[in-house]
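Per-entry structural report
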Amino acid sequence: MNRLYHYIIPTLITVFSLQSCEQNKAEVKKAAPPAAPDIEAINPKQGDFASSTTIPGELQPFQKVDVYAKVSSFVKKLYVDVGNEVVAGQLLATLEAPEMNARQSAAASTLKSKEAIYIASKAKYDRLKETSKTPGTISALDLEQALASQRSDMAQLESAKASYREVIDVKNYLQIRAPFSGNISTRNVSAGAYVGPSGKGSELPMFSLVQQSKLRLIVNVPESYTGSLNKDGQIKFSVQSIPGETFTAKVSRFSGALDNRLRSQSVEMDVYNKDKRLLPGMVANVILPLNDHNKALSVPTSAVLNSTLGVFVIRVEKDKAHWVPVTSGISNGDTTTIIGDINPDDIIVKAATEEIRDGQSIKVKLSK
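A brief structural summary. (Residues numbered from 1 in each chain as written. Predicted model: local features only at pLDDT ≥ 70, side-chain atom pairs only at ≥ 80, totals over all residues. Heavy atoms only, no water.)

The subject of this paragraph is the overall build of the protein chain. Per the secondary structure count, the protein chain includes four helices and 23 strands. For the protein chain, with 368 residues in total, the buried portion stands at 32%. (Helix = DSSP H or I, 4+ residues; strand = E, 2+ residues; numbered from the N terminus. Buried < 20%, exposed > 50% of the residue type's maximum accessible area, 1.4 Å probe, protein only.)

Right under this line is the structure:
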């Protein structure tokens, strides 16, 4: 009996142990997760990007000026109103300042007095000079004094002439004329109003004059676009108020520096607006031509990884991920151009995330 007991017990233990091992293997096999799918990858494409992009701009008058009165005075008569088209030199308004007439009369009287004194001193010197030709009649000292008196009177006459011209010039400021051809956009005075220089009687200008026949199209070009901006030729733009029609502008001026806040460069384009259909202040959609993008490499925007360390794409070499620093360029939403140590034959992760670490072993599946 004891011998039978010693034989059966070990046999049962062995059987239960084998069953337990098989069960554990089955459970382990059952709990094993499925293999991770391959990560989708692509090759960068060359010359597969649009040669233009659309950015907003603003139309401004080529010339604009606020017209103030030069001297303190009263408006006598207005000749133009809002919306009137004027030419350079056209009379816009006349002013009156009664004290100016008194100053002109005083300056004219002083001028006539100095003219008479000079004529008398010149005649005296001429007579003495003629008489001195006879030896012993006029001393050299008397002749020199007469000449000095004539020169002094002549200097005073020139001063009187300058004072009179000054009064006339100031009086001419009582006629307000257009400095250039354009349109009156605002009028802030009426007849009888007191006007003067800015802050001295006139907080607002008498008129605002804008040149409408030629406009400036001002565009703030983002930093990423400045290096590829086509600086020659013409560009097209449209405005919302005239749908379905495009207009032409010529790239003319560059600020030559980036705005510190917007990180963009201001570019001015000349627009000839002879028919006056375009108005200053309109917002334009500028179709900005770009060059050299036929040589740029482009990838899906999802392949560009913007991390706290910089901008990268993830290149796969020998089943290992490598973060490659790049500079992102133009983006149209789905596709972005990149500049960096990247070739068209490189394998790039299509959806780059920080979960794919630099140097990590990965398997990829190349998309067509």
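Throughout the structure, instances matching the rule amount to three aromatic pairs. Above the plane of the ring of Tyr173 lies Lys70, whose end atom (NZ or CZ) is 5.7 Å from the centre. The ring of Phe62 has Lys214 sitting right over it, with the charged end atom 4.1 Å from the ring centre. (Phe/Tyr/Trp six-rings, centres within 6.5 Å; stacked < 30°, edge-to-face > 60°. Lys NZ or Arg CZ within 6 Å of the ring centre and 35° of its normal.)

Now for the environment of Ile338. Along the polypeptide, Ile338 turns up in strand S21 (residues 335-340). Judged by its relative accessible area of 6%, Ile338 is buried. Ile338 sits 27 residues away from Val311 along the chain, and the two C-alpha atoms are 9.9 Å apart. Ignoring sequence-local partners within four residues, the contact set of Ile338 consists of Leu297, Val299, Val304, Val313, Val326 and Thr327. (Contact = heavy atoms within 4.5 Å.)

Moving on to the packing of helix H2 (residues 98-131) against helix H3 (residues 140-172). Their axes nearest at 8 Å, the elements H2 and H3 cross at an angle of 160 degrees. The orientation of H2 with respect to H3, classified from their angle, is roughly antiparallel. For the crossing formed where H2 meets H3, the hand is left-handed. Considered class by class, the residues forming the contact of H2 with H3 number 18 nonpolar, eight polar and nine charged. (Axes fitted to C-alpha atoms, helices over the stretch in contact; angles between N-to-C directions. Parallel < 35°, antiparallel > 145°, perpendicular 65-115°, else oblique. Left-handed = near helix turned anticlockwise from the far one by under 90°. Nonpolar A, V, L, I, M, F, W, Y, C, P; charged D, E, K, R; others polar.)

A few words on the sheet that holds strand S6 (residues 85-86). Taken in spatial order, the four strands line up as S4-S11-S9-S6 in an open sheet, and their pairing is antiparallel. A single partner strand is all that each edge strand has here, and the edge strands are strand S4 (64-67) and S6. With four bridges connecting them, S4 and strand S11 (residues 207-210) associate as antiparallel partners. In the strand pairing of S11, Lys64 is matched with Val210. (Pairing = 2+ DSSP bridges.)

By the secondary structure assignment, Glu317 is in strand S19 (residues 310-317). For the pair Glu317 and Gly359, spaced 42 residues apart in sequence, the C-alpha separation works out to 9.6 Å. Within the structure, Glu317 has its side chain in polar contact with the side chain of Arg315 (distance 2.9 Å). (Polar contact = N/O pair within 3.5 Å; in protein donor to acceptor, adjacent residues only side chain to side chain.)

Let us look at the sheet that holds strand S7 (residues 91-96). Sheet strands pair via backbone hydrogen bonds, and the direction of the pair is either parallel or antiparallel. One open sheet holds the four strands; their spatial order is S8-S7-S5-S10, and the pairing between them is antiparallel. The open sheet is flanked by strand S8 (175-177) and strand S10 (194-195), the only strands paired with a single partner. Direction of pairing for strand S5 (residues 73-78) relative to S10: antiparallel, over a ladder of two bridges. From the neighbouring strand, Phe74 faces S10, where its bridge partner is Tyr194.

Quick look at unusual backbone geometry now. Not every positive phi belongs to a glycine, and Lys318 is a case in point at roughly 55 degrees. Along the polypeptide, Lys318 turns up in the loop between S19 and strand S20 (320-331). Backbone geometry places Asp319, a non-glycine residue, at a positive phi of 60 degrees.

Here we take up the nonpolar core. Grouped together as the largest cluster of nonpolar side chains are 24 residues, with contacts concentrated most on Leu92, Leu95, Met206 and Phe207. Elements represented by at least two residues in this core include exactly S7, H2, H3 and S11. In contact with Leu95, other than residues within four places in its own chain, are Ala69, Ser73, Phe74, Val75, Lys76, Tyr173, Leu174, Ile176, Val195 and Met206. In terms of nonpolar packing, the next biggest core, distinct from the first, is built from 23 residues, Leu59, Ile242, Phe247 and Val271 among them. (Core = buried A, V, L, I, M, F, W, Y, C linked by side-chain atoms within 4.5 Å.)

Moving on, we come to the pattern of salt bridges. Counting across every chain of the model gives 12 salt bridges. Across the salt bridge formed by Lys276 and Glu85, the nearest N and O atoms sit 3.3 Å from each other. In this pair, Lys276 is assigned in the loop between strand S15 (264-272) and strand S16 (283-289) and Glu85 in strand S6, connecting sequence segments 191 residues apart. Take Glu85: its relative accessible area is 57%, and that puts it in the exposed class. (Salt bridge = Lys/Arg side-chain N within 4 Å of Asp/Glu carboxyl O.)

What follows covers H3. Compared with an ideal rise of 1.5 Å per residue, which puts 33 residues at 48 Å, H3 spans 48 Å between its outermost C-alpha atoms and is within 8% of the ideal. Looking at the buried positions of H3, the neighbouring elements they touch are H2. (Expected span 1.5 Å × (residues − 1).)

A few words on the pairing of S11. Burial along S11 is two-sided: Phe207 and Leu209 facing one way and Ser208 and Val210 facing the other are all buried. In this structure, strand S9 (residues 182-187) lies alongside S11, joined through four bridges in antiparallel fashion. The residue of S11 that forms the bridge with Asn183 is Val210.

Without other data, these values stay purely geometric and don't point to any function.
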